[in-house]
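# Analysis of the macromolecular model
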Amino acid sequence: MTNGLRGGIDLGGAKVQAVVVDQEHRPLGTARGATPREGGPPAIAEAMTQALGEAARDAGVELSALQGVGACSPGDVDEATGVVTNAANLNGWAGVSFPLAEELGRRLGTTVRVGNDVNMATLGEFRLGAAKPYDSVLGVFWGTGVGGGLILDGKPWTGRGGAGEIGHTVVERHGRRCPCGNHGCMEAYAGRGAMERAAREAHEHGRKTRLFKLMEERGRDRLTSGLWERALDHGDKVAEELMDDAVDALGTAIGSAVNLLDVPAVVLGGGMGIRFAPRVRDDLQRHMLEHLFNKDDPPALLVAELGDLGGAIGAALLVLEGQGSDAAAPAPAT
Ligand SMILES: [Zn+2]
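Residues numbered from 1 in each chain as written. Predicted model: local features only at pLDDT ≥ 70, side-chain atom pairs only at ≥ 80, totals over all residues. Heavy atoms only, no water.

For the protein, the count of helices and strands is ten helices and 13 strands. What you see for the protein is a C-alpha radius of gyration of 20 Å, in line with the 20 Å of a compact globule of 334 residues. Burial analysis of the protein (334 residues in total) assigns 52% to the buried set. Restricting the contact set of the protein to residue pairs at least 6 apart, pairs at least 24 apart contribute 61%. Surface accessibility of the protein: about 15,700 Å² in total, with carbon and sulfur atoms responsible for 47%. (Helix = DSSP H or I, 4+ residues; strand = E, 2+ residues; numbered from the N terminus. Rg over C-alpha atoms; globule rule 2.2 N^0.38 Å. Buried < 20%, exposed > 50% of the residue type's maximum accessible area, 1.4 Å probe, protein only. Contact = heavy atoms within 4.5 Å. Areas by Shrake-Rupley, 256 points an atom, 1.4 Å probe, with all protein chains shown as cover.)

Structure representation (structure tokens):
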């Protein structure tokens, strides 16, 4: 119990990432599996269990040697009970409540705490990654959708449980329909899913684009961030326009959020964010500045440092936190 080894599991729409970290939060072993597309929450819990088992083997330790396990999940997560409700992108989880912490605990034979995926990734960057020097940060996780996490004065701010939804702040009144059902949300322009729908529409209206040809060639069933990158490398006009729109929307929403919160730092992460940050960072900064009220002192625009493992490493921090959200305050810096 004193070796300080902890497990972290990041449940995503496409993959499960598991990690075993040491006291210094260094990954000793990792494993990745596909998120089951059938079998519902029990099958997903089993896949998470297997991924952590593999990560432990990779680290050369027994599961029983772990001090505890933290997991993060999309959907509405009750951190006190570990029940996850309405993880709509996951098989069989739309409108359903599932006691994820309890199920994982039973399978793994250890204590498991569960947190919201974006909040854990933000906490990871705040405690261990790019936002370490700051006392407040806005995390923006750009992937299939766009999630946000907030830490204010050292404490995660979750509102009444639903704070941080920067993807659903409005960048265009009466604008494009968002997957959430509202209109004009930032995610309706910047989310990878929305970008794919817009590309498909342009293609169906006769615009020339290599995006879908590339998708076929690569045997993919969706426009992954890698395919977008390839199309941009080829100078694909449709891809360029949609990417410009996405970055404009991101910058607009971030600028507005900064006007409201005046955080000193913004961390950009997520699959799209990490891949495209080198390419779009200057444009993003420019669009953000356009909308800043206080242009003389813009926040630092940072890129997530923990990368693909960020969610899992952030989740492993849950083992060190006490019960309830009060206890999620960071330990003093060392
Ligand atoms: Zn929305």
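The share of residues in the protein with pLDDT of 70 or more is 96%, and the mean pLDDT across the chain is 93. In the model, residues 323-334 has pLDDT below 50 throughout and makes 15 contacts with residues more than four positions away in sequence or in other chains. (pLDDT = per-residue confidence, 0-100.)

A word on helix α3 (residues 117-128). Over its twelve residues, α3 extends 16 Å from the first C-alpha to the last, a length consistent with the 16 Å expected when each residue adds 1.5 Å. Burial analysis of α3 places eleven of its twelve residues in the buried class, which makes it a mostly covered element. Every buried residue of α3 is listed here: Asp117, Val118, Asn119, Met120, Ala121, Thr122, Leu123, Gly124, Glu125, Phe126 and Arg127. Capping of α3 at its N-terminal end is provided by asparagine 116; its side-chain oxygen lies 3.0 Å from the backbone amide nitrogen of valine 118. (Expected span 1.5 Å × (residues − 1). Polar contact = N/O pair within 3.5 Å; in protein donor to acceptor, adjacent residues only side chain to side chain.)

Let's shift gears to the pattern of salt bridges. Within the structure shown, the criterion is met by 16 salt bridges. Linking arginine 37 and aspartate 221 is a salt bridge whose minimum nitrogen-to-oxygen distance equals 3.6 Å. Taken as a pair, arginine 37 in the loop between β3 (27-34) and α1 (40-59) and aspartate 221 in the loop between α6 (211-217) and α7 (225-233) lie far apart in primary sequence, 184 residues in all. A relative accessible area of 52% places aspartate 221 in the exposed class. As a salt-bridge pair, glutamate 103 and arginine 107 come within 2.7 Å of each other at their nearest N and O atoms. With glutamate 103 and arginine 107 both in helix α2 (residues 100-108) and four residues apart, this pair spans about one turn of that helix. We classify glutamate 103 as buried; its relative accessible area is 17%. Of the residues examined, arginine 107 reaches a relative accessible area of 27% and is grouped as partly exposed. (Salt bridge = Lys/Arg side-chain N within 4 Å of Asp/Glu carboxyl O.)

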